[in-house]
Amino acid sequence: MGVPSVSPLRTKKTKAIGIPTIDLSMPNASIIPESIVKACEQYGFFKVVNHGVSNEVITRLEEEGNGFFAKPAVEKQRAGPATPFGYGCKSIGPNGDMGDLEYLLLQTNPLSIYERSKAISNDPANFSCAVNDYIEAVRKLACEILDLVGDGLWISDKFSFSRLITDVESDSLLRLNHYPASAPLSHSSLKPHQNRIGFGEHSDPQILTILRSNDVAGLQISLHQHDGLWVPVPPDPTSFFVIVGDALQALTNGRFKSVRHRALANSMKPRMSMVYFGAPPLNAWISPLPEMVSPEKPSLYKPFTWGDYKKAAYSLRLGDSRLDHFKINNINNININK
């Protein structure tokens, strides 16, 4: 059985660095695709402002989430256990990973959401409406960003990415993470130099992640070009953070990097994040787009279906580098037919 991760604060490898910010309303719209591509190449991560998602849609879901997590434990447990959908507490995935958090994991299918909501809310219709409205809004934002990526990469069919998550069979998810407030140090077993790990280091397996949190810090990203330097991400509840996933790294033949990130749970105030994971259908094939492959830059990854990749991801630990197992000529390739 796993235990919540506690790690020393790596002061030499934690540094505040400016996070790329993309303003989707800037007058000179022609530079937006290039700016997004640059952020995806250098960071695999950026912040979006003037995103077009209404504050009402955000606030409604935030209120529903806060209301659920404020319930007594016995009531919340009626919405679990997460297998993988529903309510979970501390356990992350099936392989022993643990974190200092509780969460709701939902499919983005409206019927599934309504069925789940019966165990989550005293007003299932209101909860479902809030969730569906939020998913619709952030899916639209994700598609806008992916179409701009298509433009920036000069893809002949700029909808190649967004079409995967708008498919009726899309395997996209919504996750609400709640990180409880930290106890005062005098009442805590933690030493001053230690971190409470809310959600351990990992990359997201999907295509694109759209994350919004309240005004409490905790999110950090790891910069691959700086030997794993951890960068704290200042919270901004008016904006969204965009995270490149493993599938988008494969689709761009490694030009974009799926950023490794984690969430600390050291704050004296609770933190809640609302995370949309844009994913393709289970039977969709993932392989580098033709424009991303050339004699000088041959394909790095063998073709795989999203279902294959998801199966592999569930067989590995949270922090494992899953995509490495799908590289061409990798002797550690996973046998997905086991």
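Scroll up a little and you will see the structure.
Residues numbered from 1 in each chain as written. Predicted model: local features only at pLDDT ≥ 70, side-chain atom pairs only at ≥ 80, totals over all residues. Heavy atoms only, no water.

Participant: Hey, could you run me through the overall build of the chain in this one?
Facilitator: Across its full length, the chain carries 8 helices and 15 strands. When burial is assessed residue by residue, the chain has 52% of its 338 residues classed as buried. Within the chain, residue pairs in contact and separated by at least 24 positions form 74% of the contacts whose partners lie at least 6 positions apart. Carbon and sulfur atoms make up 54% of the accessible area of the chain, which amounts to about 15,600 Å² in all. (Helix = DSSP H or I, 4+ residues; strand = E, 2+ residues; numbered from the N terminus. Buried < 20%, exposed > 50% of the residue type's maximum accessible area, 1.4 Å probe, protein only. Contact = heavy atoms within 4.5 Å. Areas by Shrake-Rupley, 256 points an atom, 1.4 Å probe, with all protein chains shown as cover.)

Participant: Can you walk me through the packing of helix α2 (residues 55-69) against helix α5 (residues 124-152) in this structure?
Facilitator: The angle between the axes and the distance between the axes are what describe a pair of packed helices. Relative orientation of the contacting elements α2 and α5 amounts to 135°, with a least axis distance of 9 Å. For the element pair α2 / α5, the angle class is oblique. Like other packed secondary-structure pairs, α2 and α5 cross with a definite hand, here left-handed. Residues Val 57, Ile 58, Arg 60, Leu 61 and Glu 64 of α2 touch α5, and the partners they reach there are Asn 126, Phe 127, Cys 129, Ala 130, Val 131, Asp 133, Tyr 134 and Ala 137. Here the contact of α2 with α5 is built from residues that sort into 9 nonpolar, 1 polar and 3 charged. (Axes fitted to C-alpha atoms, helices over the stretch in contact; angles between N-to-C directions. Parallel < 35°, antiparallel > 145°, perpendicular 65-115°, else oblique. Left-handed = near helix turned anticlockwise from the far one by under 90°. Nonpolar A, V, L, I, M, F, W, Y, C, P; charged D, E, K, R; others polar.)

Participant: Sorry, what's going on with the pattern of salt bridges here?
Facilitator: When charged atoms on two side chains of opposite charge get close, those side chains can pair. All told, the structure shown has 16 salt bridges when counted by the stated rule. Among the salt bridges present, the one from Arg 255 reaches Glu 41, with a minimum N-O distance of 2.4 Å. Residue Arg 255 is found in the loop between α7 (246-251) and β12 (260-264), and its partner Glu 41 is found in helix α1 (residues 32-42); the two are separated by 214 residues along the sequence. Classification of Glu 41 as partly exposed rests on a relative accessible area of 26%. Its salt-bridge partner being Lys 76, residue Glu 102 comes within 2.9 Å of it at the nearest N-O pair. With Glu 102 in strand β5 (residues 97-107) and Lys 76 in helix α3 (residues 73-76), this pair connects stretches of sequence that are 26 residues apart. For the pair Glu 102 and Lys 76, a shared accessibility class is recorded, and that class is buried. When salt bridges with common partners are traced through the structure, they connect Lys 90, Asp 100 and Arg 196 into a single cluster. (Salt bridge = Lys/Arg side-chain N within 4 Å of Asp/Glu carboxyl O.)

Participant: I tried to follow the environment of Trp 285 on my own but got confused; where do I start?
Facilitator: Here Trp 285 shows up in strand β14 (residues 285-286). We classify Trp 285 as exposed; its relative accessible area is 57%. The sequence separation of Trp 285 and Gly 307 amounts to 22 residues, and the corresponding C-alpha distance is 8.9 Å. In contact with Trp 285, not counting residues within four places along its chain, are Pro 303, Phe 304 and Thr 305.

Participant: Would you mind showing me how to read the pairing of strand β6 (residues 173-179) here?
Facilitator: For a regular strand, the rule is simple: side chains alternate between the two faces of the sheet. Most of β6 sits inside the fold, with 7 of its 7 residues counted as buried. Of the two faces of β6, both are covered, the one formed by Leu 173, Arg 175, Asn 177 and Tyr 179 as well as the one formed by Leu 174, Leu 176 and His 178. In terms of strand pairing, β5 meets β6 through 6 bridges, oriented antiparallel. Note on β6: the bridge partner recorded for Glu 102 is His 178. (Pairing = 2+ DSSP bridges.)

Participant: Quick question: what am I supposed to make of the packing of helix α4 (residues 110-120) against α5 here?
Facilitator: Running from amino to carboxyl end, α4 crosses α5 at an angle of 135°, the nearest separation of the two axes being 8 Å. Accordingly, the angle class assigned to the pair α4 and α5 is oblique. Judged by the sense of rotation from one axis to the other, the crossing of α4 with α5 is right-handed. On α5, the residues that touch Pro 110, Ile 113, Tyr 114, Ser 117, Lys 118 and Ile 120 of α4 are Pro 124, Ala 125, Phe 127, Ser 128, Val 131, Asn 132 and Ile 135. Across the contact of α4 with α5, the residue classes tally to 9 nonpolar, 3 polar and 1 charged.

Participant: Where do I start with the environment of Arg 322 in this structure?
Facilitator: Looking at the element boundaries, Arg 322 is found in the segment after α8 (306-314). Residue Arg 322 is classed as buried on the basis of its relative accessible area, which comes to 7%. The spatial distance from the C-alpha of Arg 322 to the C-alpha of Ser 203 is 8.7 Å, given a sequence separation of 119 residues. With near-sequence residues (within four places) excluded, Arg 322 lies in contact with Ser 203, Asp 204, Pro 205, Asp 246, Tyr 309, Ala 313 and Leu 316. For Arg 322, the side chain forms a polar contact with the main-chain oxygen of Ser 203, separated by 2.9 Å. (Polar contact = N/O pair within 3.5 Å; in protein donor to acceptor, adjacent residues only side chain to side chain.)

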